[in-house]
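Listed below, chain by chain, are the residues.
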Amino acid sequence: MDERALKNNKVIKIIKRMGIVWALLALLLIMSSFSPNFFRPANLILILKQSSLTGILAVGMAMVIITGGIDLSVGSVLASTCMIASFCVTSSMSWEPLSVFMTFIVCLTAGGLFGAFNGLFVSYLGFPPFIVTMATLSIGRGFALVVTNGRSVFNLTKEFNNVSNTSYLGIPSLVYYWLVMVVIGVFIMKKTVLGKWLYAIGGNQDAARLSGINVRATKFFAYVISGVCAGLCGLLMASRTTSGQPPVGDGDELNAIAACVIGGISMAGGSGSLIGTVVGVLILTVISNGFDVMGVPSNYQRIMRGAIILISVYIDLTSKRKQRSSN
Amino acid sequence: MKRYLSLLLMVILALSLFACASPAEPAKSTGPQASDAEPTEGPAESKGTVYWCAHNTANEFSVNMAKYCEEIGKENGYKVIVLDSDTDVAKQISDVETAIAADATAIFIDPTSTDGLNAVLLSAVKDHNIPVICIHGGTSNQEELTAFVACDMFKGGEIEMQMLADDLDGKGKIAILRSTEGHDVANNITDGYYAVLENYPDIEVVYVGVGDWGADSATPYAETWLTATPDLNAIICNNDGMALGVRPVVASMGLEDTCWVYGLDAISEARMYIREGGCYKGSIMMDTYAEFLAGFDILNKFLAGEPFENKVVIDPVGVNAANIDELYPDD
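Residues numbered from 1 in each chain as written. Chains lettered and ligands numbered in written order. Predicted model: local features only at pLDDT ≥ 70, side-chain atom pairs only at ≥ 80, totals over all residues. Heavy atoms only, no water.

Draft legend 1. The arrangement of the overall build of chain B in detail. The number of helices and strands found in chain B is eleven helices and twelve strands. Residues classed as buried in chain B amount to 57% of the 331 residues present. Roughly 13100 Å² of accessible area belongs to chain B as shown, and the carbon and sulfur atoms make up 52% of that amount. (Helix = DSSP H or I, 4+ residues; strand = E, 2+ residues; numbered from the N terminus. Buried < 20%, exposed > 50% of the residue type's maximum accessible area, 1.4 Å probe, protein only. Areas by Shrake-Rupley, 256 points an atom, 1.4 Å probe, with all protein chains shown as cover.)

Structural data, given as structure tokens:
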């Protein structure tokens, strides 16, 4: 088989495309060989569960980054909606607790409004995404602390607490929420015009505008989706902790960004996939869980995580350079 | 190109694992009791694995807690694995789940939240038969868990503020530097402050700041407060970490004789300054070594099916120049 034929071989292409999956499998193998506890079914299911909230945040984050933006506010929006959810369903207040369904509506709307705030400033007023979302990060965190006076809210209804703390067919409910969000995200990105516009804007915003794409509305949409994902995470977090905790979500935006980058989404926008992001989230969790199971101090995990992010970005940059030179 | 990623990831991970596989032996405890204890050999056969779900391991106090847990665990024949939640309730839930999935012999935990861990801890006890012993901090469903061993944080706050009130003869201007809003330990210590202040109407709280347990978060507050109000009589902090960020500001502004600093935890650096006799007037000894001794004693009894006390409260002790040599003779 000559070199050209080898390059065009379908199997080779699939293997190349699945590079990050091989990395995940290698991690699983290495961790399993170091700790017999790691590869137990209970621990593997736990890895999925521990990945879920970051995974949901990463769905929205991926869409924003693909447009060439960034959303630093998701951790704080998560904290705010966590508090909103807990206020909706607590029996410690003077009002009647809302139903779980209504709480979903309220939290997703609140998250969407935070996202719309970001989107308005970035898309329609031309503010840099880094600055706008950093401001929202501060506002969201402040909001979560102000409405509770820095105290946690508890006595949440049993129905609400079950949202994140139940299992179906042996799989924790959080994993299903993640799965649903990934399916919706992949559908938007792969099967709708909107998805193609998100890539087009990230690839070349001016060319996208000239070809008739509504750049502003599309970017606005990406931030709203990111806010909705954070809103959902806030609700799930309140249920997972069976309380409203103002400090939750601190730094979660960095985990979501890291998952996107490791999963192959370019920070410059225009390329990457949600499936890659899913694998990126799993890689981060496998490292964290594996080290925990082995009893390795958490500070080593930080070093490992930083190294992986750097390597991922390096590979992203070099592959882009290669593409440019081959064009 | 992504093939290189997988290769690099594997190489780095393998190297990291080899580097981390044999963590260094923990140094001998510097705690007051530990310094008197004879080093003992752990039993040849391990009784199982205890997971220490730490609040964090980011300062001397919490690092010492992890060290004490490992040390006393080893003496009692247990392997101890330390999981660091980094003061994040969601991460600590994951840590507990990790311990459950690994079939832990017991879970020792310093909860980051009074209410946020109830479901997962109850599940460990009820669904997986894993004893859960809260060390240093508690949860609101404490009576449903195996045991609770702690220094009373509220009382610690009360003693700290009482030391301040006594030193100021019950009147003066003070600033309070509490830690992260929303964290229950900080809430309890601060509530202790205000409980004492109710008895001292002539002590005016001029400023309240919110730090993050570290010196770097405290320094800017001290600079601002003392520049605006140089006649401030004292700054009281939720821990020594922050008080140690306040002390150099007070010293550099030449206010050591008029503005006093109080911390909590009695870590080694704070004890040094208390001995020096400058502006650092007092701290609180939270005897975490005694907490772990009690914790492992309870665990041994639990596993042996013997009766045990399921609530052990260790009183914090005020540390100042008058009693520091007595409390810490080996410093």
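There's more to say after this.
Draft legend 2. Examining the overall build of chain A more closely. The helix and strand inventory of chain A stands at 15 helices and two strands. A compact globule built from 327 residues should have a C-alpha radius of gyration of about 20 Å, and chain A, at 20 Å, falls within 12% of that. Here the C-alpha coordinates of chain A stretch approximately 75 × 55 × 35 Å along the principal axes. Here chain A holds 327 residues, and the buried ones make up 53% of them. Looking at chain A as shown, the accessible area adds up to about 14300 Å², and 67% of this sits on carbon and sulfur atoms. Side chains of chain A carry 24 positive and 11 negative charges; the gap between the two charge centres is 8 Å. (Rg over C-alpha atoms; globule rule 2.2 N^0.38 Å. Lys, Arg positive; Asp, Glu negative; His and termini not counted. Charge placed at Lys NZ, Arg CZ, Asp CG, Glu CD.)

Draft legend 3. Expanded view of the sheet that holds strand β1 (residues 48–54) of chain B. Residues and elements named next belong to chain B. The strand order across the open sheet formed by six strands is β2-β1-β3-β4-β5-β11, and the pairing between neighbours is parallel. Two strands lie at the open edges of the sheet, namely β2 (78–84) and β11 (311–314), each paired on one side alone. Here the average twist between neighbouring strands, direction ignored, is 15°. Here strand β4 (residues 132–135) runs beside strand β5 (residues 147–151); their pairing, made up of three bridges, is parallel. (Pairing = 2+ DSSP bridges. Axes fitted to C-alpha atoms, helices over the stretch in contact; angles between N-to-C directions.)

Draft legend 4. Region of the structure containing the pairing of strand β6 (residues 172–178) of chain B. Residues and elements named next belong to chain B. Of all seven residues in β6, six are buried, a share of seventy percent or more. Pairing between β6 and strand β7 (residues 203–210): seven bridges, direction parallel. Bridged to arginine 178 within β7 is valine 210. Where β6 and strand β8 (residues 234–237) come together, four bridges link them in parallel fashion.

Draft legend 5. Looking closely at the pattern of salt bridges. Tallying each qualifying case throughout the model produces eleven salt bridges over all chains. Notably, a salt bridge pairs B:Lys155 with B:Asp315, separated by 3.4 Å at the nearest N-O pair. Here B:Lys155, found in helix α5 (residues 153–167), pairs with B:Asp315, found in the loop between β11 and β12 (317–320); they are 160 residues apart in sequence, far enough to count as distant. Classification of B:Lys155 as partly exposed rests on a relative accessible area of 31%. Of the residues examined, B:Asp315 reaches a relative accessible area of 43% and is grouped as partly exposed. Counted as one network, the salt bridges with shared partners bring together A:Lys49, A:Arg240 and B:Glu97. (Salt bridge = Lys/Arg side-chain N within 4 Å of Asp/Glu carboxyl O.)

Draft legend 6. Representation of the interface of chain B and chain A in the model. On the side of chain A, 54 residues touch chain B, which itself brings 45 residues to the contact. Summing both partners gives a buried area of about 4300 Å² for chain B against chain A, and 65% of it is carried by carbon and sulfur. For the pair chain B and chain A, the interface holds four salt bridges. For B:Lys91, the salt bridge is made with A:Asp292, and the minimal N-O distance between the two is 3.5 Å. (Contact = heavy atoms within 4.5 Å. Buried area = accessible area lost by both parts, 1.4 Å probe.)

Draft legend 7. Representation of the environment of B:Thr114 within the structure. Of note, B:Thr114 is situated in the loop between β3 (106–109) and α4 (118–126). When the C-alpha atoms of B:Thr114 and B:Gln142 are compared, they prove to be 9.2 Å apart, with 28 residues separating the residues in sequence.

Draft legend 8. How the structure looks around the packing of helix α6 (residues 100–124) of chain A against helix α7 (residues 129–148) of chain A. Residue and element names in this part refer to chain A. Look at α6 against α7: their axes get within 9 Å of each other, and the N-to-C directions meet at 150°. Comparing the axis directions of α6 and α7 gives the class roughly antiparallel. For the element pair α6 and α7, the recorded crossing hand is right-handed. Residue-level contacts link Phe114, Phe117, Asn118, Phe121 and Val122 of α6 to Pro129, Val132, Thr133, Thr136, Ile139 and Gly140 of α7. Its residues assigned to classes, the contact of α6 with α7 shows seven nonpolar, four polar and no charged. (Parallel < 35°, antiparallel > 145°, perpendicular 65-115°, else oblique. Left-handed = near helix turned anticlockwise from the far one by under 90°. Nonpolar A, V, L, I, M, F, W, Y, C, P; charged D, E, K, R; others polar.)

Draft legend 9. The arrangement of a nonpolar patch on the surface in detail. Together, A:Tyr168, A:Leu169, A:Tyr176, A:Leu179 and A:Val183 make up a nonpolar patch on the protein surface, roughly 580 Å² of accessible area in all. Along the chain, A:Val183 falls in helix α9 (residues 173–191). (Patch = residues over 30% accessible without salt bridge, like charges linked within 9 Å, V, L, I, M, F, W, Y side chains within 5 Å.)

Draft legend 10. The side chain of B:Asn239, seen in detail. Locating B:Asn239 in the fold gives a position in the loop between β8 and α8 (240–252). In contact with B:Asn239, other than residues within four places in its own chain, are B:Trp213, B:Gly263, B:Leu264 and B:Asp265.

Draft legend 11. Local environment of the nonpolar core. Core analysis: the biggest nonpolar cluster contains 108 residues, and A:Ile283, B:Ile107 and B:Ile109 have the highest contact counts within it. A total of twelve residues in this core trace back to one element, the largest contributor, which is helix α4 (residues 41–66) of chain A. Among all residues touching B:Ile109, those that are not within four sequence positions of it are B:Trp52, B:Cys53, B:Gln92, B:Val96, B:Leu117, B:Leu121, B:Val132, B:Ile133, B:Cys134, B:Ile135 and B:Gly137. (Core = buried A, V, L, I, M, F, W, Y, C linked by side-chain atoms within 4.5 Å.)

Draft legend 12. The arrangement of helix α3 (residues 89–101) of chain B in detail. Residue and element names in this part refer to chain B. In this model α3 runs 18 Å from its N-terminal to its C-terminal C-alpha over 13 residues, within 8% of the 18 Å that 1.5 Å per residue would give. Extensive coverage of α3 is indicated by the burial of twelve of its 13 residues. Inspection of α3 places Val89, Ala90, Gln92, Ile93, Ser94, Asp95, Val96, Glu97, Thr98, Ala99, Ile100 and Ala101 among the buried residues, and these make up the whole buried set. N-cap assignment for α3: the residue whose side-chain oxygen lies 2.9 Å from the backbone N of alanine 90 is aspartate 88. Following α3 by one or two positions, aspartate 103 adopts a phi angle in the positive range, close to 55°. (Expected span 1.5 Å × (residues − 1). Polar contact = N/O pair within 3.5 Å; in protein donor to acceptor, adjacent residues only side chain to side chain.)

Draft legend 13. Geometry of the confidence of the model for chain B. Residue and element names in this part refer to chain B. Summarising the model, chain B shows a mean pLDDT of 85, and 86% of its residues fall at 70 or more. Segment residues 17–43: pLDDT under 50, and 46 contacts once partners within four positions in sequence are set aside and those in other chains are kept. Listed scores for the predicted complex are pTM 0.76 and ipTM 0.73. (pLDDT = per-residue confidence, 0-100.)

Draft legend 14. The sheet that holds strand β9 (residues 260–262) of chain B, seen in detail. Residue and element names in this part refer to chain B. Spatially, β7-β6-β8-β9-β10-β12 is the arrangement adopted by the six strands of the open sheet, whose pairing is mixed. Sheet topology places β7 and β12 at the edges, where each strand pairs with a single neighbour. Adjacent strand axes in the sheet meet at a mean angle of 20°, parallel and antiparallel pairs treated alike. Examined bridge by bridge, β8 and β9 share three bridges and lie parallel to one another. Along β9, the bridge assignment pairs isoleucine 236 with tyrosine 262. Each of β6, β7 and β8 touches helix α7 (residues 215–228); the most contacted strand, β7, lies at about 145° to it.

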